[in-house]
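Observations on chain architecture
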Amino acid sequence: MSRRRFVAGTAALSAAALVDAFLIEPTAIAVSRHVVAVPGLPPGLEGVRIACLTDVHLAGGVTPAARAALEVLARERPDVVVLVGDICNAQGDLPVLAAWARQARGTAATFATLGNWEHAAGIDQGKAERAYGAAGVELLYNSAGRVSVGGATLSVVGIDDPVYGRPDPAEAVKGVRTGDPVVWVLHAPGYVDGIARDRYPAPAAILAGHTHGGQIRLPFWTPYTPTGSGRFVAGWYRDTFAPLYVSRGIGTIQTRARLFCPPELPIFTLKGR
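This report concerns the structure included in the present document. Chains are numbered independently. Their residues run from 1 in the order of the written sequence. Totals for whole chains, interfaces and linings use every residue, but because this is a predicted model, local features are given only for residues with pLDDT of at least 70 and side-chain atom pairs only at 80 or more, for both listing and counting. By convention in this description, side-chain values take in all heavy atoms of the structure and omit both hydrogens and water.

1. As for the packing of helix H3 (residues 94–103) against helix H5 (residues 125–134)
Running from N to C, H3 and H5 cross one another at 40°; their axes reach a closest spacing of 7 Å. As far as their axial angle goes, H5 and H3 are oblique. Relative to H5, H3 is oriented so that their crossing is right-handed. Counted together, Leu-94, Leu-97, Ala-98, Ala-101 and Arg-102 of H3 and Lys-127, Ala-131, Tyr-132 and Ala-134 of H5 form the full contact between these two elements. Only Asp, Glu, Lys and Arg are considered charged, only Ala, Val, Leu, Ile, Met, Phe, Trp, Tyr, Cys and Pro nonpolar, and every remaining residue, Gly among them, polar. Residue classes in the contact of H3 with H5 are distributed as 7 nonpolar, no polar and 2 charged. As a rule, the C-alpha atoms of each element are fitted with a line to give its axis, helices using only the stretch in contact, and angles between N-to-C directions run from 0 to 180 degrees. Only runs of H or I of at least four residues qualify as helices and only runs of E of at least two qualify as strands under DSSP, and these elements are numbered from the N terminus. Angular relationships are summarised with four words: roughly parallel below 35 degrees, roughly antiparallel beyond 145, roughly perpendicular across 65 to 115, and oblique for the angles in between. By the definition used in this description, the sense in which the near helix is turned from the far one sets the handedness, with an anticlockwise turn below a right angle giving left-handed and a clockwise turn giving right-handed. For this analysis, residues touch if any pair of their heavy atoms sits within 4.5 Å.

2. What to know about the layout of surface pockets
Points on a 1 Å grid over protein atoms alone make up a cavity when a 1.4 Å probe fits among them but cannot get out, and a pocket when they form an open set with protein on both sides within 12 Å along at least five of seven lines; lining residues each have an atom within 4 Å of a point. Grid points are joined across faces, edges and corners, and a volume is the space filled by probe spheres set on the points. Estimated volume of the largest pocket: approximately 360 Å³. Lining the largest pocket are 22 residues, with Val-182, Ala-202, Pro-203, Ala-204 and Ala-205 sitting closest to its centre. Looking at the lining of the largest pocket, the elements that each hand over two or more residues are strand S1 (30–37) and strand S8 (182–185). Among the elements that take part in the lining of the largest pocket, S1 stands out by supplying 3 residues, more than any other.

3. Topic: the pairing of strand S2 (residues 49–53)
The rule is simple: take the accessible area with a 1.4 Å probe, protein chains only, and divide by the maximum for that residue type; under 20% is buried, over 50% is exposed, in between is partly exposed. Of all 5 residues in S2, 5 are buried; the element is thus mostly enclosed. Neither face of S2 is exposed, since Arg-49, Ala-51 and Leu-53 on one face and Ile-50 and Cys-52 on the opposite face are all buried. Paired strands, as defined in this entry, are two strands with at least two bridges between them according to DSSP. Sheet topology places S2 next to strand S12 (residues 264–271); 3 bridges connect them, and they run antiparallel. Across the sheet, residue Ile-50 finds its bridge partner in S12, namely Phe-268.

4. Quick look at the sheet that holds strand S6 (residues 143–149)
The 6 strands lie next to each other as S6-S7-S8-S9-S11-S10, forming an open sheet whose pairing is mixed. Either end of the sheet is taken by a strand with one partner, and the two such strands are S6 and strand S10 (235–237). With strand direction ignored, the average angle separating the axes of adjacent strands in the sheet is 25°. Taken together, the 3 bridges between S8 and strand S9 (residues 205–208) define a ladder with parallel strand orientation. Bridging from a neighbouring strand, Val-185 pairs with Leu-207 of S9.

Here it is, written out as structure tokens:
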């Protein structure tokens, strides 16, 4: 190959990558589907679906990716939606968050936790509860929420952000009733590696975000994940005290681009063994 052809080919590939990173991938939400096996699952909870949205990063308005996420939810109609932190970036975004979250609700219940961006913006528990409450969403702040479906109850434990917040699992699990199937949600997954395996009853799954899956990736290489990610990037990790799923999230930070890392809306279906 001549040098001219090589340069032309490289330029074409670079241009294609830029188009993909800035114009295509950021709104190309991938719906991933997962089965969570729960021994002894009550019949009423069989087939219940939980949608996990993280890292929406509403900033000054509803982003194209955030609108695309609402379209997916409208099609999927999950029973439960969990909004697992970094849903907005600043206190001025709270009215936008409330309006957006009102459309992001599950058919049975919707829960939210705080992430590092909310904490960094000074959005404390009270401010978040007021914004989410206006949208009909229950904020979990080291606490547990319950949702009843088919005469059975699922508990959702929400842990405060491990990066800038004050996570307190011991306080959070106090609200779990004995015998209820349980799912944990928290924003930054690195914290999970520090949880002793015999300290708390293991939930059916732990759902997290924060990493953006790396956001800008190269094949077989993730150059960067934010503080609090630990060793986790994306997908399932089954060597923690309970199965952990790390979502790539919806939005972007710093640069509104994604490369080899499309946004993700995972949906988890509960199944008895």
